[in-house]
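The primary structure of each chain is shown beneath.
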Amino acid sequence: MSEKEMGLEEALDDLERIVEELEDGKKSLEESLDLYEKGTKLVRLCQARLESAEQRIESLTGELPPNLD
Amino acid sequence: MRAAQTGEFALTEMHSALVALKYRVYPDEYILTQIFTVTDLNERIKDRLENDPRLHDLWARGEISNYVNHRSGHRYFTLKDRDSQISCVLFKNSGARLAFELKDGQNVLVYGDVAVYRPQGRVQLMARGIRLDEGLGFRHLQLEAVKKKLAGEGLFGLERKRELPKYPERIGIVTSPQGAALRDVLRIIGAYPARIILSPAQVQGDGAEESIALAIRALRGRADVVIVCRGGGSTEDLWCFNSEIVARAIFECDSPVISAVGHETDVTIADFVADVRAPTPTAAAEMAVPDIDALQTYLVQAQVRMARALWSGLERKRERLDYLERSFSAQKMYALASEMRQRLDWLSERLGDAQKEKLTESWRRLELAQGRLAAVGPRATLLRGYAIARSPRGLVLNAEDVRPGEVVEVILAKGRILAKVLECNSDAEDSR
């Protein structure tokens with residue numbers, strides 16, 4: 001699954017696993033660096049998700065609330 | 001309570017009766033026959049009304065509002081129906097026999113007499129007894145029957161309650177597009193990044209039940225969580241949420257349902273069937289989405305934890321020569337470190353003061369770790385007396401990497417030398 005399609009939940013789960021693996025300290029340096037980079041990407045992905053949030057409202061009948069802020 | 005009941009008045013009818021009375025007393029206001037003082041006038045009205053047997057021992061039906069339980073022990077309230085209202089007072093001695101406590105919004109039958117409070121010329125109903133209006137009684141019986149039936153079918157079973165998704169991407173909302181409930185929900189969801197799918201429904205009046213059930217069904221396959229909500233209203237207004245078809249629609253919904261109907265004290269059948277019942281629409285929205293601030297903080301913390309884990313991993317390796325083999329990685333580490341500092345700066349600008357405080361500790365650790373990283377860099381290591389040996393094939397890490405007679409380059413803290421290999425002994429004690 002590409003990062004774009006990755007849901008927030010999945011990204012956060014992956015992130016949590018990576019943080020734990022890193023903290024476990026059993027990986028070699030190279031692997032740790034890879035994990036670190038992967039983790040950082042995930043953090044950015046999530047942050048981008050959270051910041052991109054313009055409220056998107058659709059209505060099944062087309063009827064939307066009046067004066068949306 | 002005396003049974004002498006002269007007829008049950010709707011408030012409006014009573015008012016019309018009073019108005020009619022007035023005009024009969026003073027048929028022509030333009031003929032100056034007598035001048036009253038206000039006191040006399042009120043006295044006369046009082047006499048007239050209070051001596052009319054039709055305004056005694058009567059029942060009036062309406063809803064209580066502006067209820068005040070005065071410290072004198074007398075109770076004051078306004079009895080109203082759709083179009084009209086009248087002041088009521090229940091004196092202490094009559095109130096003592098009351099079987100329930102009055103409150104605003106209650107539908108009641110008031111038994112008593114019309115009286116005029118002369119100082120204010122106010123017509124009021126002096127209550128001698130109050131009963132809860134049985135008008136809702138039949139519906140409540142019906143409600144209990146539906147509840148029992150649905151419970152029997154397992155619609156309220158706790159074992160079938162589903163967990164709400166932690167990070168829903170599609171939030172379905174069943175409510176009126178015009179209602180305050182929707183505004184509340186949208187305000188709480190705020191910046192949380194989800195698609196919001198509104199499934200409009202009529203949430204009171206004729207046809208509301210069908211409309212709500214249809215709107216819930218329309219969300220099938222389109223939402224990760226569904227909020228069914230409506231703002232506060234009278235028991236009648238909320239009644240559609242007690243209907244069987246709404247209950248079944250919620251039960252059959254393919255995603256977890258949060259119900260939020262009316263205020264905290266309003267509980268409907270929809271609440272029993274829903275996976276989660278929220279006291280208000282605002283609370284429902286809070287349950288549906290994670291706290292975005294907490295999430296931001298978590299992300300920053302994850303970044304800091306990763307960095308910390310990486311540095312402490314390095315610390316453990318500080319005395320290992322094989323670190324030098326990865327001098328490339330060391331450069332990468334420096335780059336990452338400086339990038340991370342910028343990143344922390346950037347992040348901390350976006351955090352509140354409380355969160356900043358939490359970060360300060362992480363910051364200190366990062367700085368410390370960076371100092372240590374510098375200490376394990378190749379140059380620092382060379383200064384401690386280590387050297388790097390290189391053959392044309394790359395770094396020499398094991399005795400097998402070179403053969404006797406071969407020339408190797410030895411890099412020192414300052415300068416380098418070329419050396420010839422005399423012997424390769426793999427069995428020598430690992431000095432690393």
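Given the structure is predicted, the values throughout are model-derived calculations rather than measurements.

Caption draft 1: View of the interface of chain A and chain B. Listed as interface residues are 41 residues of chain A and, on the opposing side, 50 residues of chain B. Between chain A and chain B the total buried area reaches about 4,200 Å² when both faces are included, carbon and sulfur atoms providing 61% of it. On the chain A side of the interface with chain B, the three residues burying the most area are L29(A), Y36(A) and L60(A), jointly 18% of the side's total. Joining chain A to chain B, the criterion identifies three salt bridges. The partner of R305(B) in a salt bridge is E16(A), with the nearest N and O atoms 4.0 Å apart.

Caption draft 2: Seen up close, the sheet that holds strand 7 (residues 170-175) of chain B. Read across the open sheet, the six strands follow the order 1(A)-8(B)-7(B)-9(B)-10(B)-11(B); overall the sheet is parallel. Across the chains shown, the open sheet's two edge strands, defined by having one partner strand only, are strand 1 (56-59) of chain A together with strand 11 (276-277) of chain B. Alignment of strand 7 of chain B against strand 9 (residues 225-230) of chain B, held across four bridges, turns out to be parallel. The residue bridging I173(B) from the neighbouring strand is I227(B), located in strand 9 of chain B. Of the strands in this sheet, strand 1 of chain A together with strand 7, strand 8 (195-200) and strand 9 of chain B are in contact with helix 5 (residues 180-189) of chain B, which crosses strand 7 of chain B at around 165°.

Caption draft 3: Structural context of the pairing of strand 5 (residues 107-117) of chain B. Residue and element names in this part refer to chain B. Where burial is concerned, most of strand 5 is hidden: nine out of the eleven residues are buried. Inspection of the sheet shows strand 5 paired to strand 6 (residues 122-132) by ten bridges, in the antiparallel sense. Each residue of the ladder has a partner; that of V110, found in strand 6, is I130. As consecutive antiparallel partners, strand 5 and strand 6 are separated by four residues, and within that stretch G121 has a phi angle of approximately 60°, a positive value.

Caption draft 4: Representation of the pattern of salt bridges. Residues and elements named next belong to chain B. If you walk through the whole model with that rule in mind, you get 24 salt bridges over all chains. Here K46 and E50 are joined by a salt bridge, their closest N and O atoms 3.2 Å apart. Here K46 pairs with E50, and both are found in helix 2 (residues 38-50), just four residues apart, close to one helical turn. Counted as one network, the salt bridges with shared partners bring together K149, E153, E244 and R248.

Cut-off values and rules
Residues numbered from 1 in each chain as written. Chains lettered and ligands numbered in written order. Predicted model: local features only at pLDDT ≥ 70, side-chain atom pairs only at ≥ 80, totals over all residues. Heavy atoms only, no water. Contact = heavy atoms within 4.5 Å. Buried area = accessible area lost by both parts, 1.4 Å probe. Salt bridge = Lys/Arg side-chain N within 4 Å of Asp/Glu carboxyl O. Pairing = 2+ DSSP bridges. Helix = DSSP H or I, 4+ residues; strand = E, 2+ residues; numbered from the N terminus. Axes fitted to C-alpha atoms, helices over the stretch in contact; angles between N-to-C directions. Buried < 20%, exposed > 50% of the residue type's maximum accessible area, 1.4 Å probe, protein only.

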